[in-house]
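# Structural overview for review
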Protein chains: 2
Amino acid sequence: MEISLVEENYIKAIYKLQSLNEGEGVSTSDLSRHLKNKAASITDMLKRLSLKKLIQYQKYQGVFLTAKGEKIALAVVRKHRLWEVFLTEKLHFSWDEVHDIAEQMEHIKSEELVKRLDRYLGHPKTDPHGDPIPDDKGLFRALQSKTLSHYKRKGKFIFTGVTEHSPAFLQYLSSINLKIGQALLIEQVNEFDGSLKVRINKQQPCFFSEKVSANILVEAIK
Amino acid sequence: MEISLVEENYIKAIYKLQSLNEGEGVSTSDLSRHLKNKAASITDMLKRLSLKKLIQYQKYQGVFLTAKGEKIALAVVRKHRLWEVFLTEKLHFSWDEVHDIAEQMEHIKSEELVKRLDRYLGHPKTDPHGDPIPDDKGLFRALQSKTLSHYKRKGKFIFTGVTEHSPAFLQYLSSINLKIGQALLIEQVNEFDGSLKVRINKQQPCFFSEKVSANILVEAIK
DNA sequence: GCCATATTTTAGGCGAGCCTAAATTTTTTG
DNA sequence: CAAAAAATTTAGGCTCGCCTAAAATATGGC
Ligand SMILES: [Mn+2]
Ligand SMILES: [Mn+2]
Ligand SMILES: [Mn+2]
Ligand SMILES: [Mn+2]
């Protein structure tokens, strides 16, 4: 069964929204927002994906991936993240430039290519944004990091990833020299607006708004 | 102006057939054969490419690329051949496996990607099949090699490329240890069928049928 | 020059993937 | 609980890229 590029993008979107949704089916309007297509177009495609047994779909009830659909989603995510590693590690793109290119490359169809790319890159476990890369069976360790705003306390943390991938946000993090794997020292928590005073390395401290710290994933140390 | 993947493939096909045709316009039936689409579909697309000023098209008269069309063709060819180099040099695919994958990768849209890929590969001048890689302005040295069957005489030659890219043919060449850049010693020419007795390195001699030598490009030595 | 054949174009149709407008169903809310 | 609002689906239409069948044009042989 052939799966088109567009179908792959829908499957990937359903996968992503499903993982945020915790159990709920993914709604037409969520997909409409995420894919920037009109709701009527979404319904159209959901019917087709349902015929192909890639999703479970009942009118007005939201949608779930089948095992088959999830397998495809994971394969596309794997390719996306491997290509992002290639682009940063080998071609020296910065982490805010790789997403749109990987968005195209994730649709290249060749299992052998993915296998060799993975080996070439040294079987990386995470992409440049800290997201885990599923292995060839679709398995990956569930991310146990939480957002900085979740902790909302002083202490030392390791920066492990981002939940927001926009170039603007990523460039901001680069501008304050924040890279994945680095330590963050939260020196002060401002209760009224949730902002944080943060020290990175031995640099001048900087301030994270609630919006920033909500998109920064960390692991607490000790 | 957006150019679709399918349009790129048509443009590339016209470019290729045009270069064989020497001055003649490319015919609908040539394109039909080459692209494995029905002639009616070809006519359809020619009208659209003509509207976009990518080709010059007059009913029943065959078709020519415009300067704009040729620029696109060269950009796609450049990407195709760079990716073939990547696949063989970095991922260690053999030269008979890369074409179908490059056929997909040539459509990735990102000028920065091509620039960096080219640098990463060390600005290669030819692809794994000996075909020249256009530079970022679309320039490349015209291939001056001729086919072995063109020479049809004894002597020493350097194997510089192939005109046939089918896996079967390429695998045959690999099986007799023939690689690009190698010397070929033609020891005997059989007039009646055009076959050749050839020595590669110091191996046992082998015999090339007319069909084989018509697809092997060489440069004469001395 | 005329006829047969080959090539090319036109006409009409189809699926994928999008849209707008209208109808339907679900959810919220007073 | 009924009305309003929001979400979703249906209906109908569009472009792209393909097809088959039929019509038009070009070409080659006599
Ligand atoms: Mn990404
Ligand atoms: Mn994509
Ligand atoms: Mn292609
Ligand atoms: Mn090639």
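Residues numbered from 1 in each chain as written. Chains lettered and ligands numbered in written order. Predicted model: local features only at pLDDT ≥ 70, side-chain atom pairs only at ≥ 80, totals over all residues. Heavy atoms only, no water.

### Comments concerning the sheet that holds strand S5 (residues 183–190) of chain A
All names here are of chain A. Pairing within the open sheet is antiparallel, and its 6 strands lie in the order S3-S8-S4-S5-S6-S7. The sheet terminates laterally at strand S3 (146–147) and strand S7 (206–208), the two strands that pair on one side only. Helix H8 (residues 167–175) rests against strand S4 (155–162), S7 and strand S8 (216–220) of the sheet, and its axis sits at about 140° to S4. (Pairing = 2+ DSSP bridges. Helix = DSSP H or I, 4+ residues; strand = E, 2+ residues; numbered from the N terminus. Contact = heavy atoms within 4.5 Å. Axes fitted to C-alpha atoms, helices over the stretch in contact; angles between N-to-C directions.)

### Comments concerning the relation of the copies chain B and chain A
When chain B is brought onto chain A, the operation consists of a screw motion whose angular component is 180° and whose axial shift is 0.0 Å, with 0.0 Å RMSD remaining. Here the copies are linked by what is in effect a two-fold axis. Relative to the rotation axis, the C-alpha of Met105 of chain B is the closest in chain B, positioned 3.8 Å from it. Of the interface residues in chain B, 100% have counterparts in chain A that sit at the interface too, so the contact is made through matching surfaces. (Least-squares fit on C-alpha atoms with pLDDT ≥ 70 in both.)

### Some details on the protein's contact with DNA strand D
Around DNA strand D sit 21 residues, and of these Ser29 and Tyr57 of chain A together with Ser4, Ser41 and Arg48 of chain B come closest. Of what DNA strand D places within 4 Å of the protein, 77% of the atoms are sugar or phosphate. Contacts to DNA strand D include Arg48 of chain B, whose side-chain N or O atom sits 2.6 Å from a phosphate oxygen. Elements with a contribution of two residues or more to the surface near DNA strand D: helix H2 (28–35) and helix H3 (39–51) of chain A together with helix H1 (5–21) and helix H3 (39–51) of chain B. Looking at the surface near DNA strand D element by element, the count peaks at 5 residues for H3 of chain B. Taken together, the residues that form the surface near DNA strand D break down as 9 nonpolar, 7 polar and 5 charged. (Near = heavy atom within 4 Å. Polar contact = N/O pair within 3.5 Å; in protein donor to acceptor, adjacent residues only side chain to side chain. Nonpolar A, V, L, I, M, F, W, Y, C, P; charged D, E, K, R; others polar.)

### Points about the coordination of the manganese ion (ligand 2)
Protein coordination at the manganese ion (ligand 2): the donors are Asn9 of chain A (OD1), Glu103 of chain A (O), Glu103 of chain A (OE), Glu106 of chain A (OE) and His107 of chain A (NE2), at 2.1 to 2.7 Å from the metal. One chain supplies every donor for the manganese ion (ligand 2), spaced along it as N-x93-E-x2-E-H. (Donors = N, O, S within 2.8 Å, 3.2 Å for Na, K, Ca; no water.)

### Here's the deal with the pattern of salt bridges
All names here are of chain A. According to the stated counting rule, one finds 24 salt bridges over all chains in the structure shown. Among the ionic pairs, Asp44 bridges to Arg48, the shortest N-O distance being 3.6 Å. With Asp44 and Arg48 both in helix H3 and 4 residues apart, the pair spans about one turn of that helix. Given the relative accessible area of 44%, Asp44 is considered partly exposed. Salt bridges linked by common partners bring Lys12, Glu103 and Glu106 together as one network. (Salt bridge = Lys/Arg side-chain N within 4 Å of Asp/Glu carboxyl O. Buried < 20%, exposed > 50% of the residue type's maximum accessible area, 1.4 Å probe, protein only.)

### Describing the pairing of S5 of chain A
In the case of a regular strand, side chains alternate between the two sheet surfaces. Residue and element names in this part refer to chain A. The sheet contact formed by S4 and S5 spans 4 bridges and is antiparallel. Within the sheet, the bridge partner assigned to Gly155 lies in S5 and is Ile186. The turn joining S5 and strand S6 (residues 195–200), which pair antiparallel and follow one another in sequence, is formed by 4 residues; a positive phi near 70° is taken by Gly194.

### Section: the coordination of the manganese ion (ligand 1)
Residues and elements named next belong to chain A. In the first shell of the manganese ion (ligand 1), the protein supplies His80 (NE2), Glu84 (OE) and His99 (ND1), at 2.1 to 2.4 Å from the metal. Spacing between the donor residues of the manganese ion (ligand 1) along the chain follows H-x3-E-x14-H. One end of the pair, His80, is in helix H4 (residues 67–90); the other, His99, is in helix H5 (residues 98–105), and 19 residues separate them in sequence.

### Digging into the interface of chain B and chain A
Every contact between the two is made by 20 residues of chain B and, on the other side, 20 residues of chain A. Note on chain B versus chain A: buried area summed over both sides is about 1700 Å², and carbon and sulfur give 69% of it. Of all residues in chain B, the largest losses of buried area upon contact with chain A belong to Leu91, Arg116 and Tyr120 of chain B, amounting jointly to 32% of the total for that side. Summed over the shared surface of chain B and chain A, the number is 0 salt bridges. (Buried area = accessible area lost by both parts, 1.4 Å probe.)

### So, the side chain of His107 of chain B
Within the element layout of this structure, His107 of chain B appears in the loop between helix H5 (98–105) and helix H6 (111–120). A residue is classified by how much of its surface remains accessible, and His107 of chain B, at 8% relative accessible area, is buried. A distance of 2.6 Å separates polar atoms of two side chains, one belonging to His107 of chain B and the other to Glu8 of chain B. Sequence-distant contacts of His107 of chain B, that is, excluding residues within four places in its chain, are made with Gln104 of chain A together with Leu5, Glu8, Asn9 and Lys79 of chain B.

### Topic: the nonpolar core
Among the nonpolar cores identified, the biggest contains 34 residues, and Trp83, Phe86 and Leu113 of chain A together with Trp83, Phe86 and Leu113 of chain B are the most heavily contacted of them. Elements with a contribution of two residues or more to this core: H4, H5 and helix H6 (111–120) of chain A together with helix H4 (67–90), H5 and H6 of chain B. Discounting chain neighbours no more than four positions away, the residues touching Phe86 of chain B are Trp83, Phe86 and Tyr120 of chain A together with Leu91, Leu117, Tyr120 and Leu121 of chain B. (Core = buried A, V, L, I, M, F, W, Y, C linked by side-chain atoms within 4.5 Å.)

### Section: unusual backbone geometry
Negative phi characterises most residues that are not glycine, and trans characterises most peptide bonds. All names here are of chain B. The phi angle at His92 is positive, at roughly 60°, despite the residue not being glycine. Looking at the secondary structure, you find His92 in the loop between H4 and H5. In this structure, Asn201 takes a positive phi of about 50° despite not being glycine. Within the secondary structure, Asn201 sits in the loop between strand S6 (195–200) and strand S7 (206–208).

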